[in-house]
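Observations on chain architecture
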Amino acid sequence: MRLRNYFLIAGLAMLLVALGFAFSPVTAATHLTGKDEAGQPVPVTAVENDACLACHQNPQFSTTLGNGETFNLYVNPDEFAHSVHNERNLNCVTCHVGFEPAMGHGLTFGSRREATLRMNEVCGQCHATQARQEKDSAHAAARSVGKMEAAICTDCHTAHAVQVLKDLSTGQFLPGMRTWIPQTCARCHSAIYEKYRDSVHGAALTDESNPDVPTCIDCHGVHIIEDPRTSTFRLNSPQICAKCHTDAKRMQKYGLSTQVLETYVADFHGTTVTIFEKVAPDAVTNKPVCYDCHGIHDIVKVNDPQKGLAVRANLLARCRDCHPDATLNFPDSWMSHYIPSPDKYPLVYYVNLFYKFLIPGVLVPMGILVVMDFTRLMINRFRKPKHIEKVKTTEKPEEAAPADEVKLSAKPEKPKSTDEEAHYD
Amino acid sequence: MTGKQEKTTKVQQEKTFQRFPVGQRWEHLILVLSAAVLILTGLPQKYRDFAWSQDLLSSPERLELIRQIHHIAAIILALEAIYHIGRAIYLMARRKLPGDMLPVWQDVIDAGHMLQYLFFMRKDKPKFGKYNFEQKVTYWVLFFGFAIMGITGFVIWFPEQFTQFLPGGVVPAAKLAHSTESIAATVFILIWHVYHVHIERLNLSIFTGRLSEDEMRTFHAKEYERLTGQASKNAQLREKK
């Protein structure tokens with residue numbers, strides 16, 4: 001009896017495991033790829049990559065699409081051989097789902113972009129997170145309003161030469177891959193890339209493969225790339241810069257201050273921007289954020305002789321964007337991220353010092369005096385009845401009169417005329 | 001009329017002395033109201049990190065509104081200050097300015113006397129003139145406090161204009177001074193002025209314009225003696241002991 005129970009439990013457990021396998025994503029994927037539109041199983045394993053390449057490795061292999069475009073169907077076998085997908089033993093048909101051996105493989109496209117867009121949906125089969133993130137990106141938003149040229153997976157990652165960008169164990173970019181990022185974005189955003197490449201960040205990346213400088217994705221995000229033209233992005237942007245510029249470890253290599261955010265937030269502009277960031281993230285404001293003065297992609301060192309903000313004329317030009325009446329003294333109203341000291345902004349430093357002493361030095365003694373005065377006042381209140389008693393017995397006022405009136409009547413005689421008021425101002 | 005009634009009537013015929021003419025009472029009212037508005041609209045701008053402040057400054061329009069109210073109150077207070085100083089200069093030019101509010105050496109002596117009283121080293125309070133040293137301290141601390149607030153306020157309101165002839169560093173200095181002085185002045189009013197006119201005794205003479213004879217005798221004995229030629233209550237009590 002007992003033994004039978006054990007068998008039953010063991011049997012149920014095995015059944016559960018088997019079911020788990022049957023519905024697991026790994027097996028589910030083969031289900032997906034293994035069926036055509038009618039749901040009929042297609043012998044997937046039978047379609048080896050060599051079979052595809054037999055035709056597709058011919059560079060002249062192409063077809064004409066509905067709109068008259070010539071669609072090149074060539075796949076470079078070497079490129080694919082070195083791609084991560086080949087290294088992980090993925091077949092052509094893993095991505096090219098719905099394959100049919102017939103002419104055109106059962107696929108018809110109006111245009112090349114349409115073909116790419118449709119194929120692009122396959123990436124999400126395995127890369128579900130990235131595909132979902134991409135759907136919230138500025139690129140997806142642009143496509144949804146008909147700008148079909150906005151980037152999709154293969155525009156950045158390529159279709160057949162997909163590379164591993166990160167060391168999967170450490171999450172760090174592999175050598176050379178950080179440099180690859182701006183070049184990839186540059187395929188569409190070339191004008192911005194030109195600016196970036198000459199900036200302090202871009203030059204360090206291109207020339208020295210500096211690991212500390214940001215690439216495009218460090219500010220704009222990857223996959224879920226936000227529209228940088230919104231008020232929300234603008235109000236949040238100081239935090240983006242602050243990610244690195246308040247990191248002491250990173251900044252001390254270059255002798256840069258980590259107080260840039262703090263000093264910005266303490267001043268007029270930063271104060272307003274941070275309030276809005278918290279309470280009204282979509283508020284439209286012209287209060288400058290980091291990039292209004294330092295540049296968006298063409299950020300240079302502050303001591304750059306041409307564009308650096310340490311050159312007063314350059315800073316004044318920035319001020320005048322919003323303060324057209326500003327004169328040469330005006331840029332000094334902004335303390336250039338300095339903490340006031342006897343050398344830098346001494347006036348501010350000494351005003352601060354003055355109040356540091358004045359407030360405790362004056363208000364605290366005053367508070368003590370008030371407390372002492374109050375104590376004495378209370379003590380006098382307790383003693384007062386005696387006083388009145390004394391006066392009462394000596395002066396003998398009316399028995400009905402209350403205390404206050406007693407006091408009055410106890411006084412020496414008043415001046416007769418009440419009209420004789422003292423106007424002595 | 002019975003004798004008793006007559007006596008009661010007599011007792012209630014309290015003589016009052018004018019302390020503030022109507023102009024000064026209006027000045028004080030304008031000062032109180034505009035300063036209160038300035039403090040209330042200034043605090044959320046200073047304490048922007050606090051939730052209550054951010055609730056108030058929830059949108060650019062709201063911030064702009066609060067700043068505008070602050071600026072309007074500032075203009076009213078500035079006009080009041082100009083009137084106050086202008087009037088003083090006018091009276092001074094005609095040698096008619098009463099010097100009651102000017103600090104004199106006697107105030108230092110009175111303060112020392114008061115300190116001895118507070119330390120139980122003396123039993124009597126000093127005899128004060130029209131304004132005692134505490135009131136003079138209030139006036140002059142706020143006089144210079146408002147001067148600092150006014151000047152620095154206009155510097156940070158019109159930085160472009162002021163930096164035409166002043167170095168740029170005055171703007172952050174003015175901002176710091178404006179923000180710090182406001183707190184110093186507010187705390188000063190709350191502990192010093194509020195104590196002396198509300199808690200120590202309720203002194204509403206700045207609104208009514210008058211002090212009773214009793215108050216005159218008790219708190220402004222010298223002034224009372226000067227005006228009436230009579231000994232004050234303090235002196236009288238001392239004699240009795």
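Residues numbered from 1 in each chain as written. Chains lettered and ligands numbered in written order. Predicted model: local features only at pLDDT ≥ 70, side-chain atom pairs only at ≥ 80, totals over all residues. Heavy atoms only, no water.

**Some details on the overall build of chain B**
Note the threshold: Helical segments are the DSSP runs of H or I of at least four residues, strand segments are the runs of E of at least two, and each set is numbered from the N terminus. The classification of residues rests on relative accessible area computed with a 1.4 Å probe and restricted to protein chains. Under 20% of the type maximum is buried, over 50% is exposed, and intermediate values are partly exposed. Here, two residues are considered to be in contact whenever any of their heavy atoms come within 4.5 Å of each other. Accessible areas in this description were obtained via Shrake-Rupley with a 1.4 Å probe; residue shielding takes into account the shown protein chains only.
Secondary structure summary: chain B contains twelve helices and two strands in total. Listing every helix and strand of chain B by position from the N terminus yields α-β-α-α-α-α-α-α-α-α-β-α-α-α. When each of the 241 residues of chain B is scored for burial, the buried share is 41%. Counting contacts in chain B only where the partners sit at least 6 residues apart, residues at least 24 apart contribute 66% of the total. A total accessible area of about 13200 Å² is found for chain B, and carbon and sulfur atoms account for 68% of it.

**Structural notes on the confidence of the model for chain B**
How we decide: pLDDT is a residue-level measure of predictor confidence that goes from 0 to 100.
Of all residues in chain B, 90% attain a pLDDT of 70 or more, and the chain-wide mean is 85. Quick note on the complex model: pTM equals 0.74, ipTM equals 0.80.

**Here's the deal with the packing of helix H15 (residues 231-245) of chain A against helix H18 (residues 268-279) of chain A**
Residue and element names in this part refer to chain A. Cut-off, in case you're wondering: Structural elements are reduced to axes, namely lines fitted to C-alpha atoms, with helices fitted over the stretch in contact, and the angle between N-to-C directions of any two is expressed from 0 to 180 degrees. Note on terminology: angles under 35 degrees are roughly parallel, angles over 145 are roughly antiparallel, angles of 65 to 115 are roughly perpendicular, and the others are oblique. Left-handed is the label given to a crossing in which the near helix is rotated counterclockwise from the far helix by less than a right angle, and right-handed is the label when the rotation is clockwise. Gly is placed with the polar residues, together with every amino acid not listed as nonpolar (Ala, Val, Leu, Ile, Met, Phe, Trp, Tyr, Cys and Pro) or charged (Asp, Glu, Lys and Arg).
Where H15 contacts H18, the axes come no closer than 9 Å and their chain directions differ by 110 degrees. Judged by the inter-axis angle, H15 sits roughly perpendicular to H18. You can see that H15 and H18 cross each other, and the crossing is left-handed. Contacts between H15 and H18 pair Leu235, Asn236, Pro238 and Gln239 from the former with Val273, Thr274, Phe276 and Glu277 from the latter. Partitioned by chemical class, the residues of the contact of H15 with H18 number four nonpolar, three polar and one charged.

**Comments concerning the nonpolar core**
General note: in soluble globular proteins, nonpolar side chains tend to be found buried as a group. To be explicit about the condition: The nonpolar core is taken to be a set of buried Ala, Val, Leu, Ile, Met, Phe, Trp, Tyr and Cys residues, with the residues joined through side-chain atoms within 4.5 Å.
Among the nonpolar cores identified, the biggest contains 24 residues, and Tyr264 and Phe276 of chain A are the most heavily contacted of them. Considering every element that reaches this core, the biggest residue donor is H15 of chain A, with four residues. Those residues in contact with Tyr264 of chain A that sit more than four places away from it in its chain are Pro238, His269, Gly270, Thr271, Val273, Pro288, Val289, Trp334 and His337 of chain A. One finds Leu363 and Leu377 of chain A together with Phe188 and Tyr195 of chain B within the second-largest nonpolar core, a separate group that totals nine residues.

**Notes on the pattern of salt bridges**
Residues and elements named next belong to chain A. Here is the rule: Definition used for salt bridges: Asp or Glu carboxyl oxygen within 4 Å of a side-chain nitrogen of Lys or Arg.
Here the structure, examined in full by the defined rule, presents 18 salt bridges over all chains. Among the salt bridges present, the one from Asp227 reaches Arg229, with a minimum N-O distance of 2.9 Å. When the shortest N-O distance is used, the salt bridge between Asp298 and Lys307 registers 3.9 Å. Relative accessible area serves as the criterion here: at 47%, Lys307 is assigned to the partly exposed category.

**Considerations on a nonpolar patch on the surface**
Residue and element names in this part refer to chain B. For the record, the criterion: Within the patch definition used here, like charges are joined within 9 Å and nonpolar side chains (Val, Leu, Ile, Met, Phe, Trp, Tyr) within 5 Å, considering only residues with over 30% relative accessible area and no salt bridge.
On the surface, Val22, Trp26, Leu29, Ile30, Val32, Leu33, Ile72, Ile76, Leu202, Leu204 and Phe207 cluster together into a nonpolar patch covering about 1000 Å² of accessible area. Elements that contribute at least two residues to the nonpolar patch include exactly helix H2 (22-46) and helix H4 (60-93). Here the nonpolar patch gets six residues from one element, more than from any other, and that element is H2. Summarising the element assignment, Phe207 is placed in helix H9 (residues 205-208). What makes Phe207 partly exposed here is its relative accessible area of 45%.

**Some thoughts on the packing of H2 of chain B against H4 of chain B**
All names here are of chain B. For the pair H2 and H4, interaxial distance at closest approach is 9 Å and the crossing angle is 150 degrees. In terms of axis orientation, H2 runs roughly antiparallel to H4. In this structure, the crossing between H2 and H4 has a hand that is left-handed. Across the interface between the two elements, Gln24, Glu27, Ile30, Leu31, Ser34, Val37, Leu38, Thr41, Gly42 and Gln45 from H2 touch Ile66, Arg67, Ile69, His70, Ala73, Ala74, Ile76, Leu77, Glu80, Tyr83, His84 and Arg87 from H4. Grouping the amino acids of the contact of H2 with H4 by side-chain chemistry returns eleven nonpolar, seven polar and four charged.

**Focus on the side chain of Asp110 of chain B**
Residues and elements named next belong to chain B. Selection criterion: For the purpose of counting charges, residues Lys and Arg are taken to be positive, whereas Asp and Glu are taken to be negative. His and the chain ends are not included.
Structurally, Asp110 is set in helix H5 (residues 105-118). Within the buried core, Asp110 has no salt-bridge partner, and the shortest N-O distance to an opposite charge, that of Lys222, equals 4.9 Å. Discounting residues that sit within four places of it in the chain, Asp110 has contacts with Pro126, Lys127, Phe128 and Phe133.

**Quick notes on the packing of aromatic side chains**
Selection rule: Side-chain rings of Phe, Tyr and Trp, where Trp is taken by its six-membered ring, are said to pair if the distance between their centres is within 6.5 Å; with planes under 30 degrees apart they count as stacked, over 60 as edge-to-face, and otherwise as tilted. A ring has a charge above it when a Lys NZ or an Arg CZ is no more than 6 Å from the ring centre and no more than 35 degrees off the ring normal.
Overall, the coordinates contain 16 aromatic pairs over all chains when judged by the stated rule. Relative to Phe158 of chain B, the ring of Trp157 of chain B lies with its centre 4.7 Å away and its plane at 20 degrees, an arrangement referred to as stacked. Taking the relative accessible area as the measure of exposure, Trp157 of chain B reaches 26% and is therefore partly exposed. The lysine or arginine in question, Lys344 of chain A, covers the ring of Tyr338 of chain A, its NZ or CZ lying 4.3 Å from the ring centre. For Lys46 of chain B, the ring lying beneath its charged end belongs to Tyr47 of chain B, and the centroid distance is 5.5 Å.

**Some remarks on helix H11 (residues 177-186) of chain A**
All names here are of chain A. The element H11 is extensively covered by neighbouring structure, given that seven of its ten residues are classed as buried. Buried residues of H11: Met177, Arg178, Thr179, Ile181, Pro182, Thr184 and Ala186, and no others. Against the buried residues of H11 lie helix H10 (153-157), helix H12 (190-198), helix H13 (200-208) and helix H14 (216-220).

**A closer look at the state of the cysteines**
Residue and element names in this part refer to chain A. Rules: Cysteine sulfur atoms that pair up within 2.5 Å are treated as a disulfide.
Per the counting criterion, the structure on display carries zero disulfides over all chains. In this model Cys244 remains outside any disulfide bridge; the closest cysteine sulfur is found in Cys219, 7.3 Å from its own. Here Cys290 is not cross-linked by a disulfide; its sulfur's nearest cysteine counterpart is in Cys241, at 3.9 Å.

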